[in-house]
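# Secondary and tertiary structure notes
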Amino acid sequence: MREVEVLGDHVLLALEDRDWYVHSVFEHTFNLTDKQHTPLVILTSDRSKLLPGGLYLPPRDFTDLLSQIRDTRKVEFHDAAFYIETYQETWQLKIVDTFRADLLTEGIRSDRLGYLLNNCRNIERQTGFDQPFQDFLTTATSPYQKETSWLTNAVTVQWGVDFFIGRGRGLTPSGDDFLLGWILIDWLSGNHQELRAAVASRIEDARYTTDVGRSYLYYALRRRFSSALLGIVRYLKGNEPLENLDDLLAAAIEYGNTSGIDCLAGIVSALVYKQVNLDLDLKY
(Lines give C-alpha, C1' and ligand atoms only; values in the text may rest on other atoms or scores of the structure.)
Protein backbone atom coordinates (compact mmCIF):
# COMPACT_ATOMS: atom_id res chain seq x y z
CA MET A 1 0.00 0.00 0.00
CA ARG A 2 1.26 3.46 -0.89
CA GLU A 3 0.77 5.69 2.14
CA VAL A 4 0.57 9.44 1.52
CA GLU A 5 0.11 12.18 4.11
CA VAL A 6 -2.23 14.88 2.81
CA LEU A 7 -3.64 18.30 3.70
CA GLY A 8 -7.42 18.41 3.84
CA ASP A 9 -10.39 20.63 4.56
CA HIS A 10 -11.13 20.10 8.26
CA VAL A 11 -14.73 19.08 7.57
CA LEU A 12 -13.50 15.95 5.79
CA LEU A 13 -12.47 14.50 9.14
CA ALA A 14 -16.16 14.33 10.06
CA LEU A 15 -17.14 12.21 7.04
CA GLU A 16 -18.95 8.99 7.74
CA ASP A 17 -17.29 5.73 6.82
CA ARG A 18 -18.63 4.81 3.39
CA ASP A 19 -17.80 4.04 -0.22
CA TRP A 20 -16.87 6.85 -2.59
CA TYR A 21 -16.61 7.02 -6.37
CA VAL A 22 -14.59 8.90 -8.97
CA HIS A 23 -16.90 11.61 -10.28
CA SER A 24 -14.75 13.44 -12.86
CA VAL A 25 -11.13 13.66 -13.94
CA PHE A 26 -9.39 16.75 -15.36
CA GLU A 27 -5.89 17.84 -16.26
CA HIS A 28 -4.85 19.04 -12.81
CA THR A 29 -7.52 17.64 -10.50
CA PHE A 30 -10.17 15.01 -9.99
CA ASN A 31 -13.36 14.84 -7.93
CA LEU A 32 -14.87 12.19 -5.69
CA THR A 33 -18.56 11.74 -4.84
CA ASP A 34 -20.42 9.55 -2.38
CA LYS A 35 -23.46 9.59 -4.73
CA GLN A 36 -25.64 10.62 -1.77
CA HIS A 37 -24.80 14.27 -1.17
CA THR A 38 -24.28 17.37 -3.32
CA PRO A 39 -20.72 18.40 -2.30
CA LEU A 40 -17.74 16.87 -4.06
CA VAL A 41 -14.26 16.23 -2.68
CA ILE A 42 -11.63 17.77 -4.94
CA LEU A 43 -8.12 16.26 -5.07
CA THR A 44 -5.14 18.17 -6.43
CA SER A 45 -1.61 19.26 -5.53
CA ASP A 46 -1.68 23.06 -5.79
CA ARG A 47 -1.73 24.28 -2.19
CA SER A 48 -1.72 27.92 -3.28
CA LYS A 49 -5.46 27.54 -4.03
CA LEU A 50 -7.23 26.00 -1.06
CA LEU A 51 -10.83 25.09 -1.85
CA PRO A 52 -13.68 23.94 0.37
CA GLY A 53 -13.80 20.18 0.22
CA GLY A 54 -10.18 20.11 -0.95
CA LEU A 55 -7.62 17.34 -0.42
CA TYR A 56 -4.02 18.19 -1.32
CA LEU A 57 -1.34 15.64 -2.16
CA PRO A 58 2.40 16.18 -2.69
CA PRO A 59 2.92 16.95 -6.40
CA ARG A 60 4.74 13.73 -7.33
CA ASP A 61 2.21 11.53 -5.57
CA PHE A 62 -0.68 13.39 -7.14
CA THR A 63 0.80 13.03 -10.63
CA ASP A 64 1.14 9.28 -10.13
CA LEU A 65 -2.36 8.89 -8.72
CA LEU A 66 -3.89 11.03 -11.47
CA SER A 67 -2.33 8.75 -14.07
CA GLN A 68 -4.09 5.76 -12.47
CA ILE A 69 -7.38 7.24 -11.33
CA ARG A 70 -9.40 6.38 -14.44
CA ASP A 71 -8.75 2.71 -13.66
CA THR A 72 -10.10 2.79 -10.12
CA ARG A 73 -11.63 -0.34 -8.62
CA LYS A 74 -12.75 0.98 -5.24
CA VAL A 75 -12.70 4.09 -3.03
CA GLU A 76 -13.45 4.10 0.69
CA PHE A 77 -13.23 6.57 3.55
CA HIS A 78 -12.56 5.53 7.11
CA ASP A 79 -10.25 6.45 9.99
CA ALA A 80 -9.49 9.93 8.59
CA ALA A 81 -8.20 8.53 5.30
CA PHE A 82 -9.33 7.85 1.76
CA TYR A 83 -8.36 4.43 0.44
CA ILE A 84 -8.20 4.29 -3.34
CA GLU A 85 -7.67 0.95 -5.03
CA THR A 86 -6.62 1.20 -8.66
CA TYR A 87 -5.57 -1.63 -10.93
CA GLN A 88 -1.94 -0.57 -10.40
CA GLU A 89 -1.78 -0.14 -6.61
CA THR A 90 -3.69 0.75 -3.44
CA TRP A 91 -3.38 4.22 -1.94
CA GLN A 92 -3.93 5.47 1.58
CA LEU A 93 -4.46 9.24 1.68
CA LYS A 94 -4.18 10.06 5.38
CA ILE A 95 -5.35 13.53 6.47
CA VAL A 96 -2.59 14.67 8.82
CA ASP A 97 -2.99 18.43 8.47
CA THR A 98 -6.11 20.55 7.95
CA PHE A 99 -7.21 24.02 6.86
CA ARG A 100 -10.44 25.95 7.32
CA ALA A 101 -12.48 27.43 4.48
CA ASP A 102 -15.05 29.09 6.73
CA LEU A 103 -16.25 32.68 6.50
CA LEU A 104 -16.35 33.74 10.15
CA THR A 105 -17.08 37.44 9.85
CA GLU A 106 -19.51 40.04 8.51
CA GLY A 107 -19.25 43.69 7.54
CA ILE A 108 -17.27 45.76 5.05
CA ARG A 109 -15.16 48.86 5.66
CA SER A 110 -16.32 51.59 3.28
CA ASP A 111 -12.80 52.94 2.71
CA ARG A 112 -11.56 49.49 1.70
CA LEU A 113 -14.51 49.05 -0.64
CA GLY A 114 -13.61 52.22 -2.51
CA TYR A 115 -10.03 51.03 -3.03
CA LEU A 116 -11.25 47.63 -4.20
CA LEU A 117 -13.56 49.04 -6.86
CA ASN A 118 -10.95 51.54 -7.97
CA ASN A 119 -8.28 48.85 -8.44
CA CYS A 120 -10.76 46.65 -10.29
CA ARG A 121 -10.96 49.36 -12.96
CA ASN A 122 -7.44 48.30 -14.00
CA ILE A 123 -8.45 44.69 -14.69
CA GLU A 124 -8.84 44.17 -18.41
CA ARG A 125 -10.26 40.68 -18.72
CA GLN A 126 -13.13 39.10 -20.57
CA THR A 127 -15.64 37.19 -18.47
CA GLY A 128 -17.20 33.88 -19.38
CA PHE A 129 -20.32 35.84 -20.31
CA ASP A 130 -18.29 37.25 -23.24
CA GLN A 131 -18.59 40.65 -21.58
CA PRO A 132 -15.68 42.82 -20.35
CA PHE A 133 -15.16 42.60 -16.60
CA GLN A 134 -15.10 46.40 -16.29
CA ASP A 135 -18.71 46.60 -17.48
CA PHE A 136 -19.80 45.05 -14.18
CA LEU A 137 -18.33 47.92 -12.16
CA THR A 138 -21.32 50.25 -12.59
CA THR A 139 -25.07 49.71 -12.85
CA ALA A 140 -25.12 51.87 -15.98
CA THR A 141 -22.79 49.58 -17.94
CA SER A 142 -23.71 46.30 -16.25
CA PRO A 143 -24.74 43.47 -18.55
CA TYR A 144 -28.09 41.86 -17.74
CA GLN A 145 -29.29 44.91 -15.83
CA LYS A 146 -32.88 43.73 -15.44
CA GLU A 147 -31.92 40.21 -14.42
CA THR A 148 -29.25 41.42 -11.99
CA SER A 149 -31.68 43.86 -10.35
CA TRP A 150 -33.99 40.91 -9.74
CA LEU A 151 -31.38 39.54 -7.32
CA THR A 152 -31.91 42.52 -5.00
CA ASN A 153 -35.65 42.07 -4.51
CA ALA A 154 -37.28 39.35 -2.41
CA VAL A 155 -40.19 39.10 -4.85
CA THR A 156 -38.05 38.61 -7.97
CA VAL A 157 -34.89 37.00 -6.58
CA GLN A 158 -35.88 33.50 -7.76
CA TRP A 159 -36.22 34.84 -11.30
CA GLY A 160 -32.70 36.27 -11.09
CA VAL A 161 -31.23 33.04 -9.75
CA ASP A 162 -33.00 31.03 -12.46
CA PHE A 163 -31.56 33.35 -15.10
CA PHE A 164 -27.94 33.00 -13.92
CA ILE A 165 -27.64 29.47 -12.57
CA GLY A 166 -26.18 27.13 -15.17
CA ARG A 167 -25.67 30.00 -17.64
CA GLY A 168 -22.45 29.91 -19.65
CA ARG A 169 -19.64 27.48 -20.34
CA GLY A 170 -17.32 25.47 -18.17
CA LEU A 171 -17.22 23.00 -15.31
CA THR A 172 -18.73 25.73 -13.19
CA PRO A 173 -20.84 27.81 -15.58
CA SER A 174 -20.17 31.54 -15.48
CA GLY A 175 -23.58 32.20 -13.96
CA ASP A 176 -22.79 29.91 -11.02
CA ASP A 177 -19.51 31.71 -10.34
CA PHE A 178 -21.33 35.04 -10.60
CA LEU A 179 -23.91 33.88 -8.04
CA LEU A 180 -21.14 32.64 -5.76
CA GLY A 181 -19.77 36.20 -5.68
CA TRP A 182 -23.22 37.52 -4.83
CA ILE A 183 -23.59 34.99 -2.02
CA LEU A 184 -20.26 36.06 -0.54
CA ILE A 185 -21.37 39.71 -0.39
CA ASP A 186 -24.76 38.57 0.86
CA TRP A 187 -23.07 36.99 3.89
CA LEU A 188 -20.86 40.04 4.47
CA SER A 189 -23.74 42.49 4.28
CA GLY A 190 -25.81 40.42 6.68
CA ASN A 191 -29.06 40.66 4.76
CA HIS A 192 -31.17 39.31 1.89
CA GLN A 193 -31.29 35.67 2.93
CA GLU A 194 -33.89 35.22 0.18
CA LEU A 195 -31.03 35.01 -2.33
CA ARG A 196 -29.50 32.09 -0.50
CA ALA A 197 -32.85 30.36 -0.24
CA ALA A 198 -33.44 30.78 -3.97
CA VAL A 199 -30.06 29.24 -4.81
CA ALA A 200 -30.58 26.42 -2.32
CA SER A 201 -33.86 25.46 -3.96
CA ARG A 202 -32.13 25.01 -7.31
CA ILE A 203 -28.96 23.12 -6.38
CA GLU A 204 -31.08 20.34 -4.92
CA ASP A 205 -31.97 19.44 -8.50
CA ALA A 206 -29.29 18.36 -11.00
CA ARG A 207 -31.29 19.82 -13.90
CA TYR A 208 -30.26 23.41 -13.26
CA THR A 209 -26.46 23.28 -13.46
CA THR A 210 -23.40 21.05 -13.36
CA ASP A 211 -22.45 18.87 -10.40
CA VAL A 212 -19.27 20.90 -9.90
CA GLY A 213 -21.24 24.14 -9.93
CA ARG A 214 -23.75 22.72 -7.47
CA SER A 215 -20.93 21.66 -5.16
CA TYR A 216 -19.32 25.12 -4.97
CA LEU A 217 -22.70 26.79 -4.46
CA TYR A 218 -23.50 24.25 -1.74
CA TYR A 219 -20.33 25.20 0.11
CA ALA A 220 -20.99 28.94 -0.36
CA LEU A 221 -24.45 28.59 1.18
CA ARG A 222 -22.69 27.18 4.25
CA ARG A 223 -20.27 30.13 4.44
CA ARG A 224 -17.40 28.16 2.93
CA PHE A 225 -15.16 29.75 0.28
CA SER A 226 -11.74 29.44 -1.35
CA SER A 227 -8.62 30.82 0.32
CA ALA A 228 -8.44 33.49 -2.41
CA LEU A 229 -11.94 34.77 -1.70
CA LEU A 230 -11.30 34.73 2.03
CA GLY A 231 -8.25 36.89 1.28
CA ILE A 232 -10.55 39.44 -0.38
CA VAL A 233 -12.76 39.30 2.72
CA ARG A 234 -9.79 39.97 5.01
CA TYR A 235 -8.93 42.98 2.86
CA LEU A 236 -12.50 44.34 3.00
CA LYS A 237 -12.44 43.97 6.78
CA GLY A 238 -9.16 45.89 7.03
CA ASN A 239 -7.11 42.85 8.02
CA GLU A 240 -4.84 42.90 4.96
CA PRO A 241 -2.46 45.77 4.07
CA LEU A 242 -3.60 48.09 1.30
CA GLU A 243 -0.55 47.24 -0.78
CA ASN A 244 -1.62 43.58 -0.94
CA LEU A 245 -4.81 44.32 -2.86
CA ASP A 246 -3.53 43.74 -6.40
CA ASP A 247 -1.99 40.40 -5.39
CA LEU A 248 -5.24 39.37 -3.70
CA LEU A 249 -7.24 40.25 -6.80
CA ALA A 250 -4.81 38.34 -9.02
CA ALA A 251 -5.11 35.27 -6.77
CA ALA A 252 -8.91 35.45 -6.91
CA ILE A 253 -8.90 35.72 -10.70
CA GLU A 254 -6.61 32.76 -11.37
CA TYR A 255 -9.16 29.99 -10.91
CA GLY A 256 -10.08 27.84 -13.87
CA ASN A 257 -10.53 29.36 -17.30
CA THR A 258 -12.91 32.19 -16.37
CA SER A 259 -14.26 31.03 -12.98
CA GLY A 260 -12.14 33.50 -11.02
CA ILE A 261 -13.00 36.57 -13.08
CA ASP A 262 -16.70 35.54 -13.22
CA CYS A 263 -16.81 35.26 -9.43
CA LEU A 264 -15.09 38.63 -9.04
CA ALA A 265 -17.65 40.08 -11.46
CA GLY A 266 -20.34 38.77 -9.12
CA ILE A 267 -18.63 40.35 -6.12
CA VAL A 268 -18.37 43.83 -7.66
CA SER A 269 -21.84 43.56 -9.18
CA ALA A 270 -23.34 42.74 -5.78
CA LEU A 271 -21.47 45.65 -4.20
CA VAL A 272 -22.71 48.23 -6.70
CA TYR A 273 -26.28 46.90 -6.83
CA LYS A 274 -26.58 46.55 -3.06
CA GLN A 275 -24.98 49.91 -2.22
CA VAL A 276 -28.18 51.34 -0.71
CA ASN A 277 -28.62 48.32 1.55
CA LEU A 278 -24.97 48.46 2.56
CA ASP A 279 -25.27 52.18 3.31
CA LEU A 280 -21.88 52.81 1.80
CA ASP A 281 -20.54 55.57 -0.42
CA LEU A 282 -19.48 53.82 -3.60
CA LYS A 283 -18.31 56.92 -5.47
CA TYR A 284 -14.74 56.34 -6.51
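Look up a bit, the structure's there.
What comes next concerns the included structure.

Cut-offs used in this document
- Residues numbered from 1 in each chain as written.
- Predicted model: local features only at pLDDT ≥ 70, side-chain atom pairs only at ≥ 80, totals over all residues.
- Heavy atoms only, no water.
- Helix = DSSP H or I, 4+ residues; strand = E, 2+ residues; numbered from the N terminus.
- Rg over C-alpha atoms; globule rule 2.2 N^0.38 Å.
- Buried < 20%, exposed > 50% of the residue type's maximum accessible area, 1.4 Å probe, protein only.
- Contact = heavy atoms within 4.5 Å.
- Areas by Shrake-Rupley, 256 points an atom, 1.4 Å probe, with all protein chains shown as cover.
- Pairing = 2+ DSSP bridges.
- Lys, Arg positive; Asp, Glu negative; His and termini not counted.
- Salt bridge = Lys/Arg side-chain N within 4 Å of Asp/Glu carboxyl O.
- Axes fitted to C-alpha atoms, helices over the stretch in contact; angles between N-to-C directions.
- Left-handed = near helix turned anticlockwise from the far one by under 90°.
- Nonpolar A, V, L, I, M, F, W, Y, C, P; charged D, E, K, R; others polar.
- Phe/Tyr/Trp six-rings, centres within 6.5 Å; stacked < 30°, edge-to-face > 60°.
- Lys NZ or Arg CZ within 6 Å of the ring centre and 35° of its normal.
- Core = buried A, V, L, I, M, F, W, Y, C linked by side-chain atoms within 4.5 Å.

## Structural notes on the overall build of the protein
The helix and strand inventory of the protein stands at 11 helices and 8 strands. Relative to a compact globule of 284 residues, whose C-alpha radius of gyration would be 19 Å, the protein shows 19 Å and is just as compact. For the C-alpha atoms alone, the extent of the protein along its principal axes is close to 60 × 40 × 30 Å. In the protein, which comprises 284 residues, the proportion classed as buried is 53%. Residue pairs at least 24 apart in sequence account for 65% of intrachain contacts in the protein once pairs closer than 6 positions are excluded. By element, 45% of the accessible surface of the protein is carried by carbon and sulfur atoms, the whole surface being about 13000 Å².

## Observations concerning the pairing of strand 8 (residues 90-99)
As judged from the 8 bridges shared by strand 1 (residues 2-9) and strand 8, these two strands associate in the parallel manner. If you follow Leu-7 over to strand 8, its bridge partner there is Asp-97. Inspection of the sheet shows strand 7 (residues 81-86) paired to strand 8 by 5 bridges, in the antiparallel sense. Bridge assignment links Ala-81 to a residue of strand 8, and that residue is Lys-94. Taken together, strand 7 and the strand that follows it, strand 8, pair antiparallel across an intervening segment of 3 residues.

## Observations regarding unusual backbone geometry
Despite not being glycine, Asp-130 shows a phi value in the positive range, around 65 degrees. Position of Asp-130 relative to the elements: it lies in the loop between helix 2 (110-120) and helix 3 (145-150). Look at Asp-130 and you get partly exposed, because its relative accessible area is 47%. The phi dihedral of Tyr-144 falls on the positive side, at around 55 degrees, and the residue is not glycine.

## A short note on the side chain of Arg-112
Along the chain, the position of Arg-112 falls in helix 2. One buried charged residue, Arg-112, forms no salt bridge at all, with the nearest opposite charge on Asp-111 at 4.7 Å. Ignoring sequence-local partners within four residues, the contact set of Arg-112 consists of Tyr-235, Leu-236, Gly-238, Asn-239, Glu-240, Pro-241 and Leu-242.

## A word on the sheet that holds strand 2 (residues 18-25)
The strand order around the closed barrel built from 8 strands is 1-5-4-3-2-6-7-8, with neighbouring strands paired in mixed fashion. The average angle at which neighbouring strand axes cross in this sheet is 30 degrees, direction not considered. Here helix 1 (residues 59-68) sits on the sheet in contact with strand 1, strand 2, strand 3 (30-33), strand 4 (41-44), strand 6 (72-78), strand 7 and strand 8, set at roughly 135 degrees to strand 8.

## Some thoughts on the environment of Val-157
Note that Val-157 resides in helix 4 (residues 157-164). For Val-157, a relative accessible area of 4% gives the class buried. It is 6.9 Å that separates the C-alpha atoms of Val-157 and Ala-198, two residues lying 41 residues apart in sequence.

## Here's the deal with the packing of helix 2 against helix 9 (residues 245-253)
At a minimum axis distance of 11 Å, the contact between helix 2 and helix 9 shows a crossing angle of 65 degrees. Of the two possible hands of crossing, helix 2 and helix 9 adopt the one that is right-handed. Along its contact with helix 2, which presents Tyr-115, Leu-116, Asn-119 and Cys-120, the element helix 9 presents Leu-245, Asp-246 and Leu-249. Residues belonging to the contact of helix 2 with helix 9 are distributed by class as follows: 5 nonpolar, 1 polar and 1 charged.

## Here's the deal with the packing of aromatic side chains
Going through the model one piece at a time under the given rule, you end up with 16 aromatic pairs. The cationic tip of Lys-35 hangs over the ring face of Tyr-21; the distance from NZ or CZ to the ring centre is 4.2 Å. The positively charged end of Arg-222 is found above the aromatic ring belonging to Tyr-218, 3.6 Å away from the centroid.

## A few points about the pairing of strand 7
Along strand 7, 5 of the 6 residues are buried, which leaves the element largely enclosed by surrounding structure. Counted between consecutive antiparallel strands, the loop separating strand 6 from strand 7 contains 2 residues, among which Asp-79 sits at a positive phi close to 55 degrees.

## A short note on the nonpolar core
Side chains of nonpolar character tend, in soluble globular proteins, to be buried together. Counting 64 residues, the largest nonpolar core has Leu-116, Cys-120 and Phe-225 as the members making the most contacts within it. Within the residue set of this core, elements represented by two or more residues are helix 2, helix 4, helix 5 (174-189), helix 6 (193-203), helix 7 (211-221), helix 8 (227-236), helix 9 and helix 10 (259-273). Considering every element that reaches this core, the biggest residue donor is helix 10, with 10 residues.

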